[in-house]
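This is what each chain is made of:
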Amino acid sequence: MYVPHLEKLAGQHCWFYPNRTLFWEEEKTLVLADTHFGKTGHFRKHGIGLSDQIATADLHTFFHALQLTGAKNVLVVGDMFHSHHNQELERFLQWRQDHANVNIQLVQGNHDQLKKDWYQKADIELVAGLLHKGPFSFVHDPAHAAQAPKGQFIFSGHLHPGFYLGPASKGAGKMPCFYVKHQHCILPAFSRFSGMALVKPKKGETLLLLHDQTI
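Residues numbered from 1 in each chain as written. Predicted model: local features only at pLDDT ≥ 70, side-chain atom pairs only at ≥ 80, totals over all residues. Heavy atoms only, no water.

**Some remarks on the confidence of the model for the protein chain**
Keep this limit in mind: Looking at any residue, its pLDDT shows the predictor's confidence there, from 0 to 100. The contact criterion used throughout is that any non-hydrogen atoms of two residues lie within 4.5 Å.
Residues at a pLDDT of 70 or more form 87% of the protein chain, whose mean pLDDT is 87. Under a pLDDT of 50 for its full length, residues 46-51 has, in the predicted model, seven contacts with residues more than four places off or in other chains.

Right, dumping it as structure tokens:
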């Protein structure tokens, strides 16, 4: 069972989950980044043999996160889909047809290259650049965070932050994390099939390390 961690940010209750998602309680919104749905299918189309179980596991984790939180809205902070259409995205469409009551917004990332009519078919609202909701701003690339209005708390993705805690042989190794610094939180990559950029927090910054079902 996942044990979430509560942080009060900009007066809002934000629940951080070990499954690499965040639940914004006041808005009943599930926030995540860099899901890269379709990535393994993209690699298989180019002759690189990867197990279909990777994609299946990520989709099931996503579906379970919605059930776990009871979210009415989904906000993906970039790179929801990886490159072009493939069979894995058909699975997502099948799920979407049965869950049309969930609102989905996507702040476009560099990998979100599907045709606009596909997003329309999937009933996904596309947002270019920054999205402002209440006291928060959402942008895919942390490098563009300076474009947010002054005083807004910012959520971004793209970086895939992680931290090296020690040798994997001792149960540690590299761990994905939420990287919280001042008025900015960089979300971990939701996709397990993604690399990590190791970060070194400075004084006053916080890492929420994700290990198994705990933070």
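**With respect to the pairing of strand S1 (residues 5-9)**
The condition that has to hold: In this description, strands pair whenever DSSP reports at least two bridges between them. Counting from the N terminus, the helices are the DSSP runs of H or I reaching at least four residues and the strands are the DSSP runs of E reaching at least two.
The pairing of S1 with strand S2 (residues 12-16) spans five bridges and is classified as antiparallel. Of the residues in S2, the one forming a bridge with Glu-7 is Cys-14.

**Some points on the packing of aromatic side chains**
Both the distance between ring centres and the angle between the ring planes are used here to describe each pair of aromatic rings. Test applied: In this analysis, rings of Phe, Tyr and Trp, with Trp reduced to its six-membered ring, are considered paired at centre separations within 6.5 Å, and the interplanar angle assigns stacked below 30 degrees, edge-to-face beyond 60, and tilted for intermediate values. Only protein chains enter the area calculation, which uses a 1.4 Å probe; residues under 20% of their type maximum are buried, those over 50% are exposed, and those in between are partly exposed.
If you walk through the whole model with that rule in mind, you get 21 aromatic pairs. Note on Phe-37 and Phe-81: the rings are 6.2 Å apart at their centroids and 55° apart in plane angle, and the pair reads as tilted. Note that Phe-37 is positioned in the loop between strand S4 (29-32) and helix H1 (39-45) and Phe-81 in the loop between strand S5 (73-76) and helix H3 (87-98), a separation of 44 residues in sequence. For the residue pair Phe-37 and Phe-81, the accessibility class agrees, reading buried in each case. On the basis of an interplanar angle of 80° and a centroid distance of 6.5 Å, the ring pair of Phe-37 and Phe-190 is categorised as edge-to-face.

**Looking at the pattern of salt bridges**
To keep it simple, the criterion reads: Any carboxyl oxygen of Asp or Glu that lies within 4 Å of a side-chain nitrogen of Lys or Arg is treated as forming a salt bridge with it.
If you walk through the whole model with that rule in mind, you get one salt bridge. For the salt bridge of Asp-123 with Arg-96, the shortest nitrogen-to-oxygen distance reads 3.5 Å. Of this pair, Asp-123 sits in the loop between helix H4 (116-121) and strand S7 (124-127) while Arg-96 sits in helix H3, and the two are 27 residues apart along the sequence. Classification of Arg-96 by relative accessible area gives buried; the value is 4%.

**Looking at the sheet that holds S4**
Pairing between the strands of a sheet is mediated by backbone hydrogen bonds and can be parallel or antiparallel. Applied cut-off: Angular values range over 0 to 180 degrees, each being the angle between N-to-C directions of two axes fitted as lines to C-alpha atoms, with helices fitted over their stretch in contact.
Spatial ordering of the open sheet is given by S1-S2-S3-S4-S5-S6-S7, a layout of seven strands whose pairing is mixed. Edge strands, defined here as strands with exactly one partner in the open sheet, are S1 and S7. Geometrically, the sheet is characterised by an average inter-axis angle of 25° between neighbouring strands, direction not taken into account. Here S5 pairs with strand S6 (residues 103-107) via four bridges, running parallel. Directly across from Asn-73, in S6, lies its bridge partner Asn-103.

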